[in-house]
Amino acid sequence: MINQLRIVVSGATGRMGRTLAGLIAAAPDLRLVGGIDRAGARGEAEPGNPAPPLAQPGAAAELLAMADALLDFSAPVFTAELLRREARALAGRALVVGTTGLDEEVLSLLRSAAERSPVVVSANFSVGVNLLLGLVSEAAKRLPPDRYDVEILEAHHRHKADAPSGTALALGRAIAEARSAALDRLRRDGRSGRTGVRPAGEVGFHAIRGGDVVGEHRVLFLGPRERLELAHQAEDRALFAEGALVAARWAARRPPGWYGMRDVLGL
Ligand SMILES: NC(=O)c1ccc[n+]([C@@H]2O[C@H](COP(=O)([O-])OP(=O)(O)OC[C@H]3O[C@@H](n4cnc5c(N)ncnc54)[C@H](OP(=O)(O)O)[C@@H]3O)[C@@H](O)[C@H]2O)c1
């Protein structure tokens with residue numbers, strides 16, 4: 001009999017939540033003990049939901065007591081509510097957070113949680129994007145900002161709630177860090193009107209939204225007489241769900257602390 005990793009999914013009835021439920025059901029070493037979502041979440045009535053019970057923050061302690069790991073793919077306000085209201089029940093369990101658009105309040109709640117639990121936070125759980133972060137950092141170190149302008153293009157489905165994507169911002173942070181600067185000072189979201197000459201060192205972000213695009217990121221280094229492009233295309237959101245499950249298996253064996261997907265993958 002395999003010792004199964006018991007999982008609770010937050011944002012359980014959403015797109016990622018349902019994808020996770022399907023993969024967990026097919027994995028012999030994993031067991032879905034339940035889901036957490038807001039009351040009356042849109043996906044609740046749709047087929048493919050996780051098996052009951054489905055709980056709400058503030059009433060999920062019993063469910064969490066049966067779990068080794070919580071996977072959260074919801075929305076920043078929901079993640080914050082869950083962390084605040086279930087802090088005690090979450091202590092000691094592995095937390096894997098894929099929700100994007102996290103603000104300072106959520107990050108600070110997660111930092112507190114990391115004192116009691118192994119916490120993996122990543123805007124993108126794919127191997128390819130985590131490799132891309134390293135490649136982009138390497139390129140940014142070698143291509144000087146006064147000669148090579150950086151623009152980041154990303155495309156996602158029409159339902160995505162935040163822009164630029166968490167992955168695009170992570171790519172921007174990798175570039176800023178490689179150039180010893182803070183992203184806030186370099187970031188330029190889209191352009192319109194009389195923009196004037198492009199300042200050296202600026203990192204431009206451009207978000208395309210539409211259809212059912214799973215996720216595409218393209219980083220352009222535009223230099224004199226040449227252009228380097230580094231790109232990633234996700235073909236199926238099961239890619240992210242599979243990566244999150246790899247992170248959960250990994251985190252369940254780690255001491256409390258703050259980890260990223262690059263730690264999980266050893267990159
Ligand atoms: N890290 C990664 O690799 C990765 C990959 C894909 C997606 N993501 C992120 O994961 C999160 C979920 O993505 P998804 O595509 O599964 O979204 P989704 O289909 O909208 O699912 C989100 C779930 O959270 C619920 N929810 C609770 N409170 C909410 C609130 N205040 N606002 C919006 N939703 C709320 C939604 O309920 P309702 O249905 O009632 O709205 C839904 O059940 C997003 O932040 C997305 O960017 C991360």
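Residues numbered from 1 in each chain as written. Predicted model: local features only at pLDDT ≥ 70, side-chain atom pairs only at ≥ 80, totals over all residues.

*Asks:* For this particular structure, what's the right way to read the site of the ligand?
*Replies:* As a matter of local geometry, the ligand sits amid 26 residues, with Gly 14, Met 16, Arg 42, Ala 75 and Gly 98 nearest to it. Of all the elements in the fold, those that place two or more residues in the shell around the ligand are α1 (15-26) and α3 (76-85). A per-class count over the shell around the ligand returns nine nonpolar, 12 polar and five charged. (Near = placed C-beta within 6 Å. Helix = DSSP H or I, 4+ residues; strand = E, 2+ residues; numbered from the N terminus. Nonpolar A, V, L, I, M, F, W, Y, C, P; charged D, E, K, R; others polar.)

*Asks:* Is there a simple way to think about the environment of Ala 65 in this case?
*Replies:* For Ala 65, the location among the structural elements is in helix α2 (residues 61-65). Taking the C-alpha atoms as reference points, Ala 65 and Ala 89, separated by 24 residues in sequence, lie 6.5 Å from one another.

*Asks:* Please clarify how the domain arrangement of the protein should be interpreted in this entry.
*Replies:* For interface size, the figure often reported is the accessible area lost on association. Taken as a whole, the protein is organised into domain 1 (5-121 + 237-265) and domain 2 (127-234). Distance between the C-alpha centres of domain 1 and domain 2: 28 Å. Taken together, the contact pairs nine residues of domain 1 with nine residues of domain 2. If you list the elements that add at least two residues to the side of domain 1 that touches domain 2, you get α9 (238-251) and α10 (261-265). Top element by residues in the side of domain 1 that touches domain 2 is α10. It accounts for three residues. Classifying every residue of the side of domain 1 that touches domain 2 by side-chain character gives four nonpolar, three polar and two charged. (Domains from an automatic or database assignment. Contact = placed C-beta atoms within 7 Å.)

*Asks:* Would you mind going over the packing of helix α6 (residues 127-142) against helix α7 (residues 166-178) with me for this structure?
*Replies:* To describe two helices that pack against each other, one gives the angle between their axes and the distance between the axes. Direction vectors running N to C along α6 and α7 enclose 30°, while the axes themselves pass 8 Å from each other. As for how α6 packs across α7, the hand of that crossing is right-handed. In contact with Val 129, Leu 133, Val 136, Ser 137, Ala 140 and Lys 141 of α6, α7 contributes Thr 167, Ala 170, Leu 171, Ala 174, Ile 175, Glu 177 and Ala 178. (Axes fitted to C-alpha atoms, helices over the stretch in contact; angles between N-to-C directions. Left-handed = near helix turned anticlockwise from the far one by under 90°.)

*Asks:* Hey, could you run me through the nonpolar core in this one?
*Replies:* Most often, soluble globular proteins have nonpolar side chains that are buried together. Grouped together as the largest cluster of nonpolar side chains are 48 residues, with contacts concentrated most on Ile 7, Ala 69, Leu 71, Val 96, Ala 244 and Ala 248. Looking at which element gives the most residues to this core, the answer is α9, with seven residues. Ignoring anything within four residues of it in the chain, the contact list for Ala 69 reads Leu 5, Ile 7, Arg 93, Ala 94, Val 96, Ala 248, Ala 251 and Ala 252. Membership of the second largest hydrophobic core comes to 20 residues, among which are Val 136, Val 150, Ala 174 and Ile 175. (Core = buried A, V, L, I, M, F, W, Y, C linked by C-beta atoms within 7 Å. Buried ≥ 20, exposed ≤ 12 C-beta atoms within 10 Å, placed from the backbone.)

*Asks:* Whenever I open this one, the sheet that holds strand β11 (residues 226-234) confuses me. Can you help?
*Replies:* Each strand in a sheet pairs with its neighbour through backbone hydrogen bonds, running either in the same direction (parallel) or in the opposite one (antiparallel). The five strands are arranged β8-β9-β7-β10-β11 in an open sheet whose pairing can be described as mixed. Every interior strand has two partners, whereas the edge strands, β8 (187-189) and β11, have only one. If you compare each strand with its neighbour and ignore which way they point, the axes differ by 20° on average. Pairing between strand β10 (residues 215-223) and β11: nine bridges, direction antiparallel. Following the sheet pairing, Val 219 is matched in β11 by Leu 230. Set on the sheet, α6 makes contact with β10 and β11; between it and β11 the angle comes to about 165°. (Pairing = 2+ DSSP bridges.)

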